[in-house]
Amino acid sequence: MDGEDSSKSAAGSASLWHNARIATFAPSASGLGIIEAGAIAVRDGRIAFVGALTDLPAEFEKSENKTDCGGRWITPALIDCHTHLVFGGDRAMEFEMRLAGSTYEEIARAGGGIISSVKATNALSEDELLNQALRRLDTLLAEGISTVEIKSGYALNIEGELKMLRVARRLGEVRPVRIVTSWLAAHATPPDYKGRNGDYITDVVLPGLEAAYSQGLVDAVDGFCEGIAFSPAEIARVFDKAKALGLPVKLHAEQLSDLGGARLASSYGALSADHLEYLSAADARAMAQAGTVAVLLPGAFYTLREKQAPPVQALRDAGTRIALATDSNPGTSPLTSLLMIMNMGATLFGLTVEECLAGVTREAARALGLQAETGTLEVGKSADFAIWDIERPAELVYRIGFNPLAARIFKGKRVSA
């Protein structure tokens, strides 16, 4: 692309990207919101104009900071709205054991499972966790991502969970990316609380959440509602505390069975319910009525070789918004490619190209409560967009193991490619 690097723009001056085909994903537009021969003008990190070049106001035509996109495509920057990006170690050993036929119990006895990640995470300093997480984050950013949600949940003690969230915040300080954090201490029960979920919530989850809130470390509260984790009644205690603190909630729900977790989340006006393989049609309707986004996670479905896919048609019929995310984690989705996730969403779950692309932009922003800030290309929003060497947007979903990113723009500045 020809033109001056927009990062050199003086404060308050306008930058212009032109000679581009643009997919705005604006909710008021039809389909992808395509603009041929389009332009985007940016001032102070925000979109000041997006539309056809022929409609460009004269004030932006005079900009000294112009970038000719050479006919490339521009989309909103991608958003990964569900990750467990901060953790220690890996779980390659149990992956190998599972391939050899070992059961979950056998893997656990050999030191595998989530407890192995807990041990590895607690053993590392903040700097060590930061360095490990940066490798995963940088891989995501190279695919045109502007925003990443990161959960705690691999320490299962108050100080360790806070440490994870401090590292997540630091990631947003050392890289040009928007980090959103979620308190997920209700992820599993540590061995010393085995059979005592209620005590663990009382002793760790709730006071830890208060500490995270007081330290400004938490943006939302999450939990794992499943037979191997926490019941709806136990999760309700956590959500009641979140509500008292004024924090939004979200939930891992209906991944392995139907416990009514999504219905519970909807009753609290949750931002999202995630996984959802065993979601009922009635609960899909409850989510739609509450505005709770369905975040589908094909990476975990693939890694665990599950057979029951989320009820995509029921979600469509209900009008439930659908997002996609990597669920990047050491055990069930060791994946750091949102482009690959779009292909999986189409191939494994039957989503359309439009659903996949909206699911990692507009609807992913909605799942984080950021729809007023990012996720679409509209005047007034943060100038977060990606420029692609493609002939049509479907290529972003169709290709496997191929990254056509030409440039990543974050808050109006070119920050990569």
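Residues numbered from 1 in each chain as written. Predicted model: local features only at pLDDT ≥ 70, side-chain atom pairs only at ≥ 80, totals over all residues. Heavy atoms only, no water.

Asks: Help me understand the packing of aromatic side chains in this model?
Replies: Going through the model one piece at a time under the given rule, you end up with six aromatic pairs. Considering the side-chain rings of Phe301 and Phe349, the 5.1 Å spacing of their centres and the 75° angle between planes classify their relative orientation as edge-to-face. Of this pair, Phe301 sits in helix α11 (residues 298-303) while Phe349 sits in helix α13 (residues 338-349); the two residues are 48 residues apart in sequence, bridging distant segments of the chain. For Phe301, a relative accessible area of 9% translates into the label buried. Residue classification places Phe349 among the buried residues on the basis of a relative accessible area of 8%. Among the aromatic residues, those joined into a cluster by ring pairs are Tyr193, Tyr200 and Phe230. We note Arg136 situated over the ring of Phe87; from NZ or CZ to the ring centre the distance is 3.7 Å. If you follow Arg399 out to its NZ or CZ, it ends over the ring of Phe402, 4.6 Å from the centre. (Phe/Tyr/Trp six-rings, centres within 6.5 Å; stacked < 30°, edge-to-face > 60°. Helix = DSSP H or I, 4+ residues; strand = E, 2+ residues; numbered from the N terminus. Buried < 20%, exposed > 50% of the residue type's maximum accessible area, 1.4 Å probe, protein only. Lys NZ or Arg CZ within 6 Å of the ring centre and 35° of its normal.)

Asks: Looking at this structure, I do not really get helix α6 (residues 158-174). What am I missing?
Replies: Three- or four-residue spacings in an α-helix give side chains the same orientation, since the helix completes a turn every 3.6 residues. For α6, built from 17 residues, the straight-helix expectation of 24 Å at 1.5 Å per residue is met to within 8% by its first-to-last C-alpha distance of 25 Å. Those residues of α6 lying buried are Gly160, Glu161, Leu162, Lys163, Met164, Leu165, Val167, Ala168 and Leu171. Where the residues of α6 are buried, they touch α4 (114-122), α5 (126-141), β8 (145-151), β9 (178-183) and α7 (197-214). (Expected span 1.5 Å × (residues − 1). Contact = heavy atoms within 4.5 Å.)

Asks: Help me understand the UniProt feature "binding site: Fe(3+)" (unreviewed entry) in the protein in this model?
Replies: Here the UniProt-annotated "binding site: Fe(3+)" (unreviewed entry) positions come out as His82, His84, His252 and Asp327. Look at the named residues: they lie 246 residues apart in sequence, but the longest C-alpha span between them is just 12.3 Å, so in the fold they bunch up. The residue His252 is located in strand β12 (residues 250-253) in this model. Note on His252: relative accessible area 3%, which makes it buried. When sequence neighbours within four positions are dropped, the list of residues in contact with His252 reads His82, His84, Lys151, Leu184, Asp222, Gly223, Phe224, Cys225, Asp274 and His275. Only 3.5 Å separates the side chain of His252 from the side chain of His84, close enough to count as a polar contact. Following the sequence through the fold, Asp327 ends up in the loop between β15 (322-324) and α13. Sequence-distant contacts of Asp327, that is, excluding residues within four places in its chain, are made with His82, Thr83, His84, His275, Leu297, Ala300, Thr332 and Ser333. (UniProt positions renumbered as here; feature names shortened; annotations may be inferred. Polar contact = N/O pair within 3.5 Å; in protein donor to acceptor, adjacent residues only side chain to side chain.)

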